[in-house]
Every structure is written in C-alpha cells, then in structure tokens.
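Residue-level structural notes
As a plain string of letters, each chain reads:
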Amino acid sequence: MTRFSVNDRPVEYRMEPETPLLWALRDASNLTGTKYGCGTGECGACTVDIDGEAIRSCMVTIAECEGRFVTTIEGLARDRSHPVQQAWVAEQVPQCGFCQSGMIMAAAALLRSNSNPSDAEIDAAMTNICRCGTYPRIRTAIRLAGRVIRGEERIAAAPPPGIRPQDAVEAVPALRLPPGT
Ligand code: FES
Ligand code: FES
C-alpha cells in the first residue's frame, strides 16, 4: 500500500509499488488530464508537480511518491484561475492540446521558482515536446503569466470550465435537458 497526497487529498494505492505514477493517476484515480506520450521520460506529456518540482510521472514509481504531494493539471486551479491557465487561454496556446497539460505544469513550476525568467531560462526549463510546434506561443504565455504573478498586468477571466447544458443539447441532439433546467 502506498500513501501520498494527490491534488491535496490523501490517497492510498493498492498497486504494485513499482507502478509508474502516471499509471496510478490515469487508471486508478481517473485523472486523465496527465497524458501518456512516450513512456520513456522524453516528451513531458506526463508532467506533474511533486513537492513543487515538475516531474515526468512515467519515470517515477508510486513507492517513490510515498508521503509526498502530487499535483496534476486537475488540481492546479479547478476554476482555471491560475495565471498560467489564464495566460494559456489569453494567448490561445494549444493546437491539438495533447502536450498542453504537461507544458502548463512545467510552466507553473518554473514560474513558482522564478517569476521573471529570461528566454534562455524558459528554454532550459521547458524541455517538453510539442508535435504541433506551439513553442513561440508557450514562451509568450509564460512571459504574460509572469507579469500577472508579479502584479504588473491582469488578464480578463477565462471562461468557466464546461459548457452550459443548453449548448450541449444543441450540439448533441440525443441529449435531453433535465427537468427544471
Ligand atoms: S510520457 Fe512521460 S515523458 Fe513522455
Ligand atoms: S498542441 Fe499538439 S502536441 Fe502540443
């Protein structure tokens, strides 16, 4: 049995201690925002925060997480109010989106330790791979998030998560609005 905190909740995994954290998060906790890309520590799609550090969760066993604090993209800010999330929306960073949760987690960890990184520091910290080539917008968004964190700029609030039931019904004819909606 392995115990640690995931998104500020105590979790106990009854899995082999050698299970990669990525598998536990996705398969046992259903936290599928953290993506499986390469499984060999190269792409960064699986990046999560462990005790304040950006870590590739495919390369860490759950035994190594014992007693530590793991934060995934789902726990960064549930209402999307984190400056990195806000900057990502403002700069319209994602294309296909597959790499983006890892990118956001890496950017958030970078800005926590250095809210005003140079381009060289951004490039050194952001070693994740984006097959869609969103790197220039990622840099721009990190600079914007840094200015927000430093109190130099504000971003208009990003739209709330999810869609309205009325919009869902319009998009998917098989859906029916619950009574009283
Ligand atoms: S899936 Fe972990 S680094 Fe690629
Ligand atoms: S947005 Fe498609 S891989 Fe990065």
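For clarity, every value in this text was computed on a predicted model and none was experimentally measured.

What counts, and where the lines are drawn
- Residues numbered from 1 in each chain as written.
- Chains lettered and ligands numbered in written order.
- Predicted model: local features only at pLDDT ≥ 70, side-chain atom pairs only at ≥ 80, totals over all residues.
- Heavy atoms only, no water.
- Axes fitted to C-alpha atoms, helices over the stretch in contact; angles between N-to-C directions.
- Helix = DSSP H or I, 4+ residues; strand = E, 2+ residues; numbered from the N terminus.
- Parallel < 35°, antiparallel > 145°, perpendicular 65-115°, else oblique.
- Left-handed = near helix turned anticlockwise from the far one by under 90°.
- Contact = heavy atoms within 4.5 Å.
- Nonpolar A, V, L, I, M, F, W, Y, C, P; charged D, E, K, R; others polar.
- Pairing = 2+ DSSP bridges.

Quick look at the packing of helix α4 (residues 100-113) against helix α6 (residues 135-149)
Any two packed helices are characterised by how steeply their axes cross, that is the angle between the axes, and by the distance between the axes. Running from N to C, α4 and α6 cross one another at 40 degrees; their axes reach a closest spacing of 11 Å. By the angle between their directions, the pair α4 and α6 is classed as oblique. Once α4 is placed against α6, the crossing between them reads as right-handed. Together, M103, A107, L110 and L111 of α4 and Y135, I138, I142, A145, G146 and I149 of α6 make up the contact between the two elements. Grouping the constituent residues of the contact of α4 with α6 by class yields 9 nonpolar, 1 polar and no charged.

Some remarks on the sheet that holds strand β5 (residues 69-71)
Strands belonging to one sheet form pairs held by backbone hydrogen bonds; the direction of such a pair is parallel or antiparallel. Reading across the sheet, the 5 strands line up as β2-β1-β5-β3-β4 and stay open at both edges, with mixed pairing between neighbours. Of all strands in the sheet, those bounded by a partner on one side alone are β2 (9-13) and β4 (53-56). Neighbour-to-neighbour, the strand axes of the sheet open up by a mean angle of 40 degrees, direction not taken into account. Looking at chain direction, strand β3 (residues 47-50) and β4 are connected through 4 bridges and run antiparallel. Bridge assignment links I50 to a residue of β4, and that residue is E53. Seen against the sheet, α4 touches β3, β4 and β5 and runs at an angle of roughly 35 degrees to β3.

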